[in-house]
Amino acid sequence: QNKQPGIEAEMDPAPEYIKESYKAAGKLSGKVALITGGDSGIGRAVSIHFAEEGADIAIVYLDEDQDAETTKNLVEAAGGKCLLIKGDVKKDSFCRNAVEKAVKEFGKLNILVNNAGMQFPQKDVKAIDKEQLETTFQTNIFAYFYFAEAALEYLKAGDCIINTTSVTAYRSSPSLIDYSSTKGAITTFTRSLATNLTDKGIRVNAVAPGPVWTPLIVSSFDEEKIKSFGSETAMKRAGQPSELGPAYVFLASEDASFITGQVIHVNGGEVVNG
Ligand code: NAD
């Protein structure tokens, strides 16, 4: 288990999204989840795990590059209905419409997973221009607000929101200054929104992945960074998307009924602050 899978693992056209050892138990039976960035990488694993646990899934995605149709097929093979909603989460009107489309299709919404994200690694702070800064903040944190606001029209007691933050929110990240700032914001957003919603019985939590082999990594890091990707963890490797899905299932399920405002770190043992 303690081996560095290397880039070949991510380049595998059919990476493993559910481990053979995973035993689904209907923990999300009858639930409807909307997952942003649910077509690819970590979001794809979450979509498939949720479907395996009995949920129907609305997937919000940006473009065809990551093959949303394949994800839809995998979700349906796992037993869930799947609605694909294509659009840009940087637009608040799109986010509202996406929530409404999901509710129209499935009649309700129980779980919002704010997960879509992007990064532009940079050499130094001078390399971050205004346009890049706006894109990063709009995608990685503004959209989380837009979706939460829209979803709260429909979420009821017992329902929940899960935000994807990052290990970069908990350590210095010199080549991801803007990205790590948005991830720090997601952590505090999670805590504040959670305490704001306790009287409504809606839980809000976050997952902070460490290094995980996904298209985001392969497309944005250079060869040198990819070679050492994951080596900073105690396990000396990056994770696979299939190792992230179960944490989201746990937080979305009744098993986590007394957990709100928290962050689960899934990072191969990287030591984090805060
Ligand atoms: P990914 O590239 O596979 O997935 C990113 C998803 O976000 C894609 O589905 C894409 O369609 C969507 N997206 C991006 N911009 C969008 C936009 N403007 N509108 C609509 N959708 C948009 O990458 P991933 O690694 O699975 O990333 C998922 C989340 O995990 C992100 O929030 C990322 O920051 C976070 N994360 C990843 C890692 C890692 O090592 N892979 C580590 C920590 C946190």
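Residues numbered from 1 in each chain as written. Predicted model: local features only at pLDDT ≥ 70, side-chain atom pairs only at ≥ 80, totals over all residues.

With that settled, the discussion passes to the site of the ligand. Residues in close proximity to the ligand total 28 residues, the closest being G37, G41, G117, T214 and L216. Put simply, the parts of the chain that give the shell around the ligand at least two residues each are α2 (41–52), β2 (56–61) and α7 (215–220). (Near = placed C-beta within 6 Å. Helix = DSSP H or I, 4+ residues; strand = E, 2+ residues; numbered from the N terminus.)

The sheet built from seven strands is open, its strands ordered β3-β2-β1-β4-β5-β6-β7 with parallel pairing. Because the sheet does not close on itself, it has two edges, and the strands there are β3 (82–86) and β7 (263–266). The mean angle between the axes of side-by-side strands here comes to 15°, regardless of whether they run parallel or antiparallel. On the sheet, helix α3 (residues 68–77) packs against β2 and β3 and is oriented at approximately 160° with respect to β3. Along the sheet face, helix α5 (residues 130–151) touches β1 (32–36), β4 (111–114) and β5 (160–164) and points at about 170° away from the line of β4. (Pairing = 2+ DSSP bridges. Axes fitted to C-alpha atoms, helices over the stretch in contact; angles between N-to-C directions. Contact = placed C-beta atoms within 7 Å.)

On to α2. The end-to-end C-alpha distance of α2, which contains 12 residues, comes to 17 Å, matching closely the 16 Å that a straight helix rising 1.5 Å per residue would cover. Across the 12 residues of α2, 12 count as buried, placing the element largely inside the fold. Following α2 by one or two positions, G54 adopts a phi angle in the positive range, close to 105°. (Expected span 1.5 Å × (residues − 1). Buried ≥ 20, exposed ≤ 12 C-beta atoms within 10 Å, placed from the backbone.)

Mapped onto the secondary structure, I111 falls in strand β4. C-alpha of I111 to C-alpha of R203: the two residues are 92 residues apart in sequence and 9.8 Å apart in space. Setting aside residues no more than four positions away along its own chain, I111 makes contact with K31, A33, D159, C160 and A252.

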